[in-house]
Amino acid sequence: SSHVQRVDDQPPGLAELLRQQDGVMNTTSALGWMSRQELRWRLTSGRWQRPCHGIVVAHSGPVTEQQRLWAAVLWAGPGAVLAGLTAARLDGLQGFPGHDAVADRPIHLTVPTSRSVRRKSPGLPVVVHYSTALGSAHVHPTRQPPRTRTARSLVDAAAWMATDRGAQAVLAAGVQQRLVRVEDLTAVVALNQRLPRRTVIKDTLDDIEGGAQALSELDFTRLLRRHRLPGPDRQSQRLDSCGRRRWHDAVWETSRLIVEVDGIHHLEVTQYWADSDRDNDFTLQGYRVLRFPAFVVRYSPGYVAEKIRNALA
């Protein structure tokens, strides 16, 4: 719901601009509709407020997260768009809070390299990135506040993460949460030969395309390669004794071996029983099932590799 306070003498054009921008505009736009004296009166009287340099919000209540994002985009000027994790969260990415307090999250912006943002600090946790490619192939045509398309947002987020592991996590999450397809991400990478972490991102996308969508599964893929274990039939589908379709992290059909990598949700009682029920069904069908917590795969890969090698032998 909009926080814009209606003023009787507010011109229709100004009301529409505030509606489109969730009650936020820069002072240049405001001065197109009123004198400096009137703008100053609205601010000093408390009817409006100034959340950061050069930006006004046309109400007196708390500034929402959406309005903070608008303030950041408008502060950065023409052509600026939300990007990286900031844009990806708006389009549905979950699991990357960044900070406990929403107000402390960095607001990632991308600006054309033809411009340079030299304005006074906005008083917001803004991170400005520059790009030579911000055309229609990269910027969403309708979503507001302006932002990069989801595939571009995720690739940028991966490139800007503090660690390679963080980069892999954000790519895996985007595909696993069905926000994008691997081919969408690959197309973005192909257009940027100077992309930071380009090799890591390409290798990760190759692994995801092969069926390893969760970060724990990517760890498992690297474990198999490092310890020269034969490749499984990844994400294999089987029917249990009741005819229900079941998916497995990895199956070696010729050895009748199933390996599952369990995330934290597998510790829940209902999930634990579902896992046990499934394991029982496939044990009765002649399969052996090995289960490893994700943290064991990550931090004790030699132990896991030894168990699998022994089972395959």
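Residues numbered from 1 in each chain as written. Predicted model: local features only at pLDDT ≥ 70, side-chain atom pairs only at ≥ 80, totals over all residues. Heavy atoms only, no water.

Just checking my understanding: could you explain the nonpolar core for this structure?
Buried together is how nonpolar side chains tend to be arranged in soluble globular proteins. If you look at the biggest cluster of nonpolar residues, it comprises 27 residues, and the most contacted ones within it are Leu 93, Val 170, Leu 171, Leu 185, Ile 201, Leu 205 and Ile 208. Counting residues per element, the ones that place at least two in this core are helix 5 (84–90), helix 6 (150–160), helix 7 (164–176), helix 8 (182–190) and helix 9 (198–209). When residues in this core are grouped by element, the largest group, 7 residues, is from helix 7. In this structure Ile 201 touches Val 155, Ala 158, Ala 159, Leu 171, Val 189, Leu 195 and Pro 196, once residues within four positions along its chain are discounted. Counting 21 residues, the second largest nonpolar core, distinct from the first, contains Ile 55, Val 57, Val 111 and Leu 124. (Core = buried A, V, L, I, M, F, W, Y, C linked by side-chain atoms within 4.5 Å. Buried < 20%, exposed > 50% of the residue type's maximum accessible area, 1.4 Å probe, protein only. Helix = DSSP H or I, 4+ residues; strand = E, 2+ residues; numbered from the N terminus. Contact = heavy atoms within 4.5 Å.)

Would you take a moment to explain the sheet that holds strand 9 (residues 250–252) for this structure?
Strand pairing in a sheet takes place through backbone hydrogen bonds and is either antiparallel or parallel in direction. Spatially, 3 strands are ordered 9-10-11 in an open sheet, and the strand pairing comes out mixed. On the outer flanks of this sheet lie strand 9 and strand 11 (288–293), each paired with one strand and no other. Averaged over all neighbouring strand pairs, the angle between strand axes comes to 15°, with direction disregarded. Across 6 bridges, the pairing between strand 10 (residues 257–262) and strand 11 is parallel. Pairing of Ile 258 across the sheet is with Val 289, part of strand 11. Taken strand by strand, helix 13 (residues 301–312) contacts strand 9, strand 10 and strand 11, and its axis lies near 175° from that of strand 11. (Pairing = 2+ DSSP bridges. Axes fitted to C-alpha atoms, helices over the stretch in contact; angles between N-to-C directions.)

I tried to follow the confidence of the model for the protein on my own but got confused; where do I start?
Low-pLDDT portions of the prediction should not be read for the details of their coordinates. Looking at the protein, the pLDDT average stands at 83 and 81% of residues meet or exceed 70. Per-residue pLDDT stays below 50 along residues 1–8; that stretch engages in 16 contacts with residues further than four places along the chain or on separate chains. Scored below 50 in pLDDT, residues 264–269 makes 6 contacts in the model with residues more than four places away or belonging to other chains. (pLDDT = per-residue confidence, 0-100.)

What's the story with the sheet that holds strand 5 (residues 107–112) in this structure? I'm lost.
Taken in spatial order, the 3 strands line up as 4-5-6 in an open sheet, and their pairing is mixed. Of all strands in the sheet, those bounded by a partner on one side alone are strand 4 (81–82) and strand 6 (126–131). Across 6 bridges, the pairing between strand 5 and strand 6 is parallel. Along strand 6, the bridge assignment pairs Val 111 with Tyr 130. Lying on the sheet, helix 6 is in contact with strand 5 and strand 6; it crosses strand 5 at an angle near 105°.

Would you take a moment to explain the packing of aromatic side chains for this structure?
Aromatic rings in a pair are described by how distant their centres are and how their planes are angled relative to each other. Counted by the stated rule, this structure contains 1 aromatic pair. Where Phe 292 meets Tyr 303, the ring centres are 6.4 Å apart and the plane angle is 90°; that geometry is what we call edge-to-face. With Phe 292 in strand 11 and Tyr 303 in helix 13, the pair connects residues that are 11 residues apart, well separated along the chain. Residue Phe 292 is classed as buried on the basis of its relative accessible area, which comes to 5%. Between Arg 42 and the ring centre of Trp 48, over which it is positioned, the NZ or CZ distance is 4.7 Å. A cation over a ring is seen here: Arg 256 above Tyr 287, with NZ or CZ 3.9 Å from the ring centre. (Phe/Tyr/Trp six-rings, centres within 6.5 Å; stacked < 30°, edge-to-face > 60°. Lys NZ or Arg CZ within 6 Å of the ring centre and 35° of its normal.)

How should helix 3 (residues 36–44) be read in this particular structure?
Because each turn of an α-helix spans 3.6 residues, side chains separated by three or four positions in sequence point in the same direction. Among all positions in helix 3, only Leu 39, Arg 42 and Leu 43 are buried. Along the axis of helix 3, the buried positions cluster into a sector of 95°, meaning they face one direction only. Relative to its buried face, helix 3 has exposed residues pointing more than 90 degrees away, namely Gln 37 and Thr 44. Buried-residue contacts for helix 3 involve helix 2 (27–31), strand 2 (49–52) and strand 3 (55–57). Gly 46 occupies a position one or two residues after helix 3 and carries a positive phi of about 90°. (Arc of directions from axis to C-beta.)

Explain the environment of His 53 to me, please; I cannot follow it from the model alone.
The topology assignment puts His 53 in the loop between strand 2 and strand 3. Residues His 53 and Pro 122 lie 69 residues apart in sequence; the distance between their C-alpha atoms is 5.3 Å.

What is the right way to look at the pattern of salt bridges in this model?
Opposite charge on two side chains permits them to pair, given that their charged atoms come into close proximity. Within the structure shown, the criterion is met by 12 salt bridges. Across the pair Asp 219 and Arg 165 runs a salt bridge whose closest N-O atoms are separated by 2.9 Å. Taken together, the residues span a long stretch of sequence, with Asp 219 in helix 10 (residues 215–226) and Arg 165 in helix 7 at a distance of 54 residues. On the accessibility criterion, Arg 165 (27% relative accessible area) is partly exposed. One salt bridge in this structure joins Asp 184 and Arg 181, with 3.0 Å as the shortest N-O distance. By relative accessible area, Asp 184 is classed as partly exposed at 25%. Several salt bridges share partner residues, and in doing so they unite Asp 91, Arg 143 and Arg 147 into one network. (Salt bridge = Lys/Arg side-chain N within 4 Å of Asp/Glu carboxyl O.)

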